[in-house]
Amino acid sequence: MMDIRRAKQEDISRIAEILVFTKRINFRPIFQDDKYSFGEMQVLSVAQEYIDNPGILDSIWVYDDEFVKGMIHVEDKEVKKLYVDCFFESKGIGGKLLEFAIKSFDVRYLWALEKNERALAFYERHGFHYEGVWQYEEGTTERLLKMER
C-alpha cells in the first residue's frame, strides 16, 4: 500500500499541527525563544498561510496511513521541510518520505540546523553529508549546514 500522497486542502490543519508541535519540541531547546515558539507560531496562523497559498500544496507530500503522520516539502532538488509527528517518530516514516523524495524528484540537498544532531544523523544515514557550506538561520546566530548527496 502506498502511504505517501500529494497533500490536499483537507490536510492543512494536520500539516500545521505537525509543523508547530515538532518545531517546538526540536527547536525551542536550540533557539530558546518562547515568544516565537508559543506566541508567534500558532497552528491557526500556520494553517492560514497554507490556505492563503494553496499552490504550495503541489510541492508537499504526506505520509498517510489512516491519518497524516508526516510531511515533506520539496522544491526543485531541495528538501525544504521534513517533519514527522513526534508521536510517530522512529517508525521509519521520515525515512520513507525522504527516500520517496530522492527517487521521485532526485533531491540533492537540504539545510539542517548544526545543533539538531538527531536530524544530522538521520540525513547522514540517508546519504546526505555536510561538505562545508553553511549559512546563518535568518535573524539568528545559529548555523544551518547544507547537507548534500
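Details of the structure are given in the entry above.
The structure reproduced in this document is the subject of the present report. From a predicted model like this one, the values you see are computed outputs, not experimental measurements. (Residues numbered from 1 in each chain as written. Predicted model: local features only at pLDDT ≥ 70, side-chain atom pairs only at ≥ 80, totals over all residues. Heavy atoms only, no water.)

### Structural notes on a nonpolar patch on the surface
Here's step 1: Together, Tyr 130, Trp 134 and Tyr 136 make up an exposed nonpolar region whose accessible area comes to about 310 Å².
Here's step 2: Relative to the elements of secondary structure, Tyr 136 occurs in strand E6 (residues 129–136). (Patch = residues over 30% accessible without salt bridge, like charges linked within 9 Å, V, L, I, M, F, W, Y side chains within 5 Å. Areas by Shrake-Rupley, 256 points an atom, 1.4 Å probe, with all protein chains shown as cover. Salt bridge = Lys/Arg side-chain N within 4 Å of Asp/Glu carboxyl O. Helix = DSSP H or I, 4+ residues; strand = E, 2+ residues; numbered from the N terminus.)

### A short note on helix H3 (residues 43–52)
Here's step 1: Here H3 has its buried residues at Val 46, Ala 47 and Tyr 50. Around the axis of H3, the buried residues are gathered within 100 degrees of arc, so they sit on the same side. Facing away from the buried side of H3 by more than 90 degrees, the exposed set consists of Leu 44, Glu 49 and Asp 52.
Here's step 2: In this structure, the buried residues of H3 make contact with helix H1 (12–31), strand E2 (60–64) and strand E4 (78–84). (Buried < 20%, exposed > 50% of the residue type's maximum accessible area, 1.4 Å probe, protein only. Arc of directions from axis to C-beta. Contact = heavy atoms within 4.5 Å.)

### What about the packing of H1 against H3?
Here's step 1: Orientation of H1 relative to H3, taken along the N-to-C sense of each, is 130 degrees, at an axis distance of 8 Å. Judged on the interaxial angle alone, H3 and H1 are oblique. The handedness of the crossing between H1 and H3 comes out as right-handed. On H3, the residues that touch Ile 12, Ser 13, Ile 15, Ala 16, Glu 17, Leu 19, Val 20 and Phe 21 of H1 are Val 43, Val 46, Ala 47, Tyr 50 and Ile 51.
Here's step 2: A class-by-class count of the residues in the contact of H1 with H3 yields 11 nonpolar, one polar and one charged. (Axes fitted to C-alpha atoms, helices over the stretch in contact; angles between N-to-C directions. Parallel < 35°, antiparallel > 145°, perpendicular 65-115°, else oblique. Left-handed = near helix turned anticlockwise from the far one by under 90°. Nonpolar A, V, L, I, M, F, W, Y, C, P; charged D, E, K, R; others polar.)

### What to know about the pairing of E2
Here's step 1: The element E2 is extensively covered by neighbouring structure, given that four of its five residues are classed as buried.
Here's step 2: Bridge count between E2 and strand E3 (residues 68–75): five bridges; the pairing is antiparallel. Its bridge partner lying in E3, Ile 60 is registered against His 73.
Here's step 3: Hairpin remark: E2 followed by E3, antiparallel, with three residues in the connecting loop; positive phi at Glu 66, about 95 degrees. (Pairing = 2+ DSSP bridges.)

### Side note on the sheet that holds E6
Here's step 1: Judged by pairing direction, the sheet is mixed, and its seven strands sit side by side in the order E1-E2-E3-E4-E5-E7-E6 without closing on themselves. Of all the strands in the sheet, the pair left with one neighbour each is strand E1 (4–6) and E6. Neighbouring strand axes in the sheet, compared pairwise and without regard to direction, differ in orientation by 30 degrees on average.
Here's step 2: Of the pairings in the sheet, the one linking strand E5 (residues 109–113) to strand E7 (residues 143–148) comprises five bridges and is antiparallel in character. Bridging from a neighbouring strand, Leu 110 pairs with Met 147 of E7.
Here's step 3: Each of E2, E3, E4 and E5 touches H1; the most contacted strand, E4, lies at about 95 degrees to it.

### Some words on the pattern of salt bridges
Here's step 1: Applying the stated criterion across every chain, the model contains 14 salt bridges.
Here's step 2: For Asp 106, the salt bridge is made with Lys 77, and the minimal N-O distance between the two is 3.7 Å. Here Asp 106 is found in the loop between helix H4 (93–105) and E5, whereas its partner Lys 77 is found in the loop between E3 and E4, with 29 residues between them in sequence.
Here's step 3: By relative accessible area, which is 36% here, Lys 77 ends up partly exposed.
Here's step 4: Measuring nitrogen to oxygen at the nearest pair gives 3.5 Å for the salt bridge that ties Lys 80 to Glu 78.
Here's step 5: Through salt bridges with shared partners, a single network forms among Lys 77, Asp 106, Arg 108 and Arg 149.

None of the figures reported here should be taken as evidence of function without further support.
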